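Notes for the structure review
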Number of protein chains: 4
Amino acid sequence: MKVIHEKTYEDLSRTASNIVMAKMYQNRRVNLALTAGSSPKGVYELMIPQMQGRDYLDNVYFYNFDEIPLKGKDLGITLRDMKNLLYDPAGVSDNHIVRLDEHTYPTQMQRIRDAGGLDLMLMGLGWDGHYCGNLPGTTKFADEIVTVSNEAVPGLAERIAKNHHINATDLTDYYITMGPKAVMETKELLLIINGKHKAEATRRLFNDPISEEFPATLLRLHPNFTVILDDDAASLL
Amino acid sequence: MKVIHEKTYEDLSRTASNIVMAKMYQNRRVNLALTAGSSPKGVYELMIPQMQGRDYLDNVYFYNFDEIPLKGKDLGITLRDMKNLLYDPAGVSDNHIVRLDEHTYPTQMQRIRDAGGLDLMLMGLGWDGHYCGNLPGTTKFADEIVTVSNEAVPGLAERIAKNHHINATDLTDYYITMGPKAVMETKELLLIINGKHKAEATRRLFNDPISEEFPATLLRLHPNFTVILDDDAASLL
Amino acid sequence: MKVIHEKTYEDLSRTASNIVMAKMYQNRRVNLALTAGSSPKGVYELMIPQMQGRDYLDNVYFYNFDEIPLKGKDLGITLRDMKNLLYDPAGVSDNHIVRLDEHTYPTQMQRIRDAGGLDLMLMGLGWDGHYCGNLPGTTKFADEIVTVSNEAVPGLAERIAKNHHINATDLTDYYITMGPKAVMETKELLLIINGKHKAEATRRLFNDPISEEFPATLLRLHPNFTVILDDDAASLL
Amino acid sequence: MKVIHEKTYEDLSRTASNIVMAKMYQNRRVNLALTAGSSPKGVYELMIPQMQGRDYLDNVYFYNFDEIPLKGKDLGITLRDMKNLLYDPAGVSDNHIVRLDEHTYPTQMQRIRDAGGLDLMLMGLGWDGHYCGNLPGTTKFADEIVTVSNEAVPGLAERIAKNHHINATDLTDYYITMGPKAVMETKELLLIINGKHKAEATRRLFNDPISEEFPATLLRLHPNFTVILDDDAASLL
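A few points on the structure. Chains are numbered independently. Their residues run from 1 in the order of the written sequence. Lettering of chains starts at A and numbering of ligands starts at 1, both following the order in which they are written. This being a predicted model, a pLDDT of at least 70 is required before a residue's local features are given, and a value of 80 or more before pairs of side-chain atoms are given or counted; all residues contribute to the totals for chains, interfaces and linings. Remark: hydrogens and water are excluded; side-chain values derive from all non-hydrogen atoms of the structure.

**Re the sheet that holds strand β5 (residues 97–98) of chain C**
Residues and elements named next belong to chain C. Strand pairing is defined by DSSP finding a minimum of two bridges between the two strands. Where helices and strands are cited, they refer to DSSP runs of H or I of at least four residues and of E of at least two residues respectively, numbered from the N terminus. The strand order across the open sheet formed by 7 strands is β1-β10-β9-β6-β2-β3-β5, and the pairing between neighbours is parallel. On the outer flanks of this sheet lie β1 (2–5) and β5, each paired with one strand and no other. Direction of pairing for strand β2 (residues 30–34) relative to strand β6 (residues 120–124): parallel, over a ladder of 3 bridges. Opposite Leu32, over in β6, you have Leu120 as the bridge partner.

Written out as structure tokens, the structure reads:
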């Protein structure tokens, strides 16, 4: 585990963008799984002008590691958000996006392995220790790519709806996520954590026993795991 | 996880020796952690004539991953057994053996990291799911290198004494082991399992939930983990 | 460069087979380019019983790095020899053989790159410093996969015919080879050299200036290059 | 070879700084060899604020790959320039600088190997095809770390003196450089080329035969070689 402590969110975003961008410059296929959500906004703002119009990034493919399907919609919440946050402004074409969704999830693990595995996964940390869709009480360490019922955790559908500013009635009754085992197969894991509201989760990430009760504790066992923190997130360490 | 199913113990030993020997031929320092016990005897018998008198293996260093100290003895049980099984017949000199013992354990993790990390660990599997000294009830996933009281598990001192044909009174009151976190930092993990008496443990290794109750289940999460089984060990799969 | 000096051809073959076999045990596609000729016979004899009937080697693909087409024949000399030496006795099926021949050579480099590159190339050394089909006077360091006229070197067609016990009239007027640049793209290079008749070529390999006049000198610049020698080949060092 | 074509020197500098910075964030020792000269100024300007005060970069060590000693001075031209350009403003302490100079050069190659090898080398390209101190007529492909007489090329002492704004009488009679073989041992090579005055050298880099006459042509054979060009440098391609 490498811990990178930056003073500010701007510094954290710069450092994370260095890592993600540098991973792209290869003379072979590169597979990146990038998080939606608010934490990476600063990272993507730095990346977008460095990606626009760059033919030399034709070797890079983008994966989502979770998805919340919406009734009657082609795009779930994660892919919709990723298109807004990064893919559309950066000019990533659809044939460079390898969708995880309600149609593809049963075969996605094999698809990832056949493509040579994921080179890098950029994740955020939830207050409850979740990463990807691995909330406490939903997945087990041994899970690869799974569906999780929105009733697995009390009030989950409402929480999802509120977080994403939609009506709970627009949700199907499950979401999809790469589970702990699938995440641990990734070659390099990068976790970014910013803000005072993440300070307690950060403390637990480093100090709690490694267990499914605070799922992100498992990541400490990955041989190539980097955490980037800002001062606020690190304030209880 | 790569599963290699061989018919016989001889085939298993050949394949394991291919992997261990091939790891040695580098133009840089190579750090190997090899298990004592009965499972690797066939592996070492194949390795010994391939190591004797080979100056080109001067770059290879040997680590033990656990140790049971003996009262008033310089060598604990593991190192004593490794010298008998491999180091002495293969001609490994003492300055190529990086000892984990009652004197070195507090700083051994740093010593491993400063040397560039372990390149390969060859392990066996216990009927109770233990690997190295990680018996159920003794270590936690988050442990690096730790001491374990011989009273951590009922009857443990007697079990150790019996397995190693010594008097329990010759034992100190603890043993030393690389814990799960230290093992997971190794670049490549190799587990060999042979014999009918390991069939049930093998079944649990692959099928049990990943938990400290059957410690070796954790190894399934390592991105570079190989299991070699013979027909007997695989008979319940 | 790692130099492995073994006393005998048997030891040399054992060590080379350790390296080639160990490369195969992966949980991903493995691409091997293996030489025909007499030097590797001992290696393949050790490998064959370790490959027969092993489903767990389904991830391994075999490439030839040169080919001498024969008029009116589906198989050229190299592929024919490789089938006899290794593929047929080891049970390698045709769909795990990625042929380089008069039909495929223009696109073979791209095919190799799309498959993730070659993981290992096992080569022999010619008395004139050639490796693959890179004879002095035929290819340039910058060449990828090329055809070479059998008139590029005086008497070449006759030499090929004699070496392979065929009539020169059965040859087409060119052969195909991976050139120096294509070889240098391989992740790991392994060169085996045995016998007194190779002693002078071995001396030049290590001591000559790096130039197209003794083509194998270039291999010294590969960051992951291993040479295995027996006593006879090393006798002039 | 990966070719990254950027429109401007600013974009080129950003991309190069992404690669160099990302290489630093490791949980192990990182060895970087960085060029002096004018091409990397923009890279270092971006790196400096990202390096200042960062304890988490304590694992990074800096190497120079050539040196021009000055009579009676502790620091040669390269180290003096690197201190001005990067080390001093970024806060790199002397014990993280592994000096190549007139005292250390005979043992520097071994020192590099013992430290695990160089992870990345950032280089520029000379109009005459030189990289590091490998000018046409001075070094051979087989050279590791060597001294070169200032009389190896006519007018060389004067050219050095003029380029570095010093008197030729301040020079000793030789300079030191990592030769082609030493450079090729580096795990990753990064070459940045900017400006119209480099357009012809860039054209030759890609199109000339690989030979000591235009030394940088050799770099095309490294399996992990990246070139970053701006529009001006690429104008003759």
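**Examining the interface of chain D and chain A**
It only takes one pair of heavy atoms within 4.5 Å for two residues to be counted as in contact. Facing 20 residues of chain D, the contacting portion of chain A comprises 20 residues. When chain D packs against chain A, the two sides together hide about 1,800 Å² of surface, and 47% of this comes from carbon and sulfur. Buried surface area refers to the total accessible area, computed with a probe of radius 1.4 Å, that the two partners give up upon joining, counted for both partners together. When residues of chain D are sorted by the area they lose upon contact with chain A, Lys2, Tyr25 and Tyr56 of chain D head the list and together hold 34% of the total. For salt bridges, the criterion is a side-chain nitrogen of Lys or Arg within 4 Å of an Asp or Glu carboxyl oxygen. With a closest N to O distance of 3.7 Å, Asp11 of chain D and Arg54 of chain A form a salt bridge. Polar contacts here mean pairs of N or O atoms no more than 3.5 Å apart (in protein, one a potential hydrogen donor and the other a potential acceptor; neighbouring residues in sequence count only if both atoms are side-chain atoms). For the pair chain D and chain A, the interface holds 16 residue pairs in polar contact (both at pLDDT 80 or more). Contributions of two or more residues to the side of chain D that touches chain A are made by β1 (2–5) and α1 (9–24) of chain D. The leading source of residues in the side of chain D that touches chain A is α1 of chain D, at 7 residues. Tallied by class, residues from the side of chain D that touches chain A come to 8 nonpolar, 7 polar and 5 charged. Amino acids are sorted into nonpolar (Ala, Val, Leu, Ile, Met, Phe, Trp, Tyr, Cys and Pro), charged (Asp, Glu, Lys and Arg) and polar (every other residue, Gly among them).

**Details of the pattern of salt bridges**
A pair can form between side chains of opposite charge whenever their charged atoms are brought close. Scanning the entire structure with this criterion turns up 64 salt bridges over all chains. The closest approach of N and O atoms between Arg54 of chain A and Glu6 of chain D, which form a salt bridge, is 2.7 Å. Taken together, the residues Arg54 of chain A in the loop between α2 (41–51) and β3 (60–63) and Glu6 of chain D in the loop between β1 and α1 connect one chain to another. Residues Arg54 of chain A and Glu6 of chain D agree in their burial class; the two are buried. Among the ionic contacts, a cluster of salt bridges with common partners joins Arg113, Glu144, Lys181 and Glu185 of chain A. The buried label applies to any residue whose accessible area, calculated with a 1.4 Å probe on protein chains only, is under 20% of its type's maximum; exposed applies above 50%, and partly exposed to all values in between.

**Regarding the pairing of strand β10 (residues 225–229) of chain C**
Residues and elements named next belong to chain C. Burial analysis of β10 places 5 of its 5 residues in the buried class, the great majority of the element. The alternating pattern of β10 places Phe225, Val227 and Leu229 and Thr226 and Ile228 on opposite faces, both of which are buried. When β1 meets β10, the two strands line up parallel, connected through 4 bridges. Residue pairing for β10: Val3 is matched across the bridge by Val227. Throughout, right-handed denotes a crossover for which the path from the first strand over the helix to the second runs clockwise when the strands point away from the viewer. Where the polypeptide runs from strand β9 (residues 189–193) across helix α7 (residues 199–207) and back to β10, its parallel neighbour, the crossover connection is right-handed.

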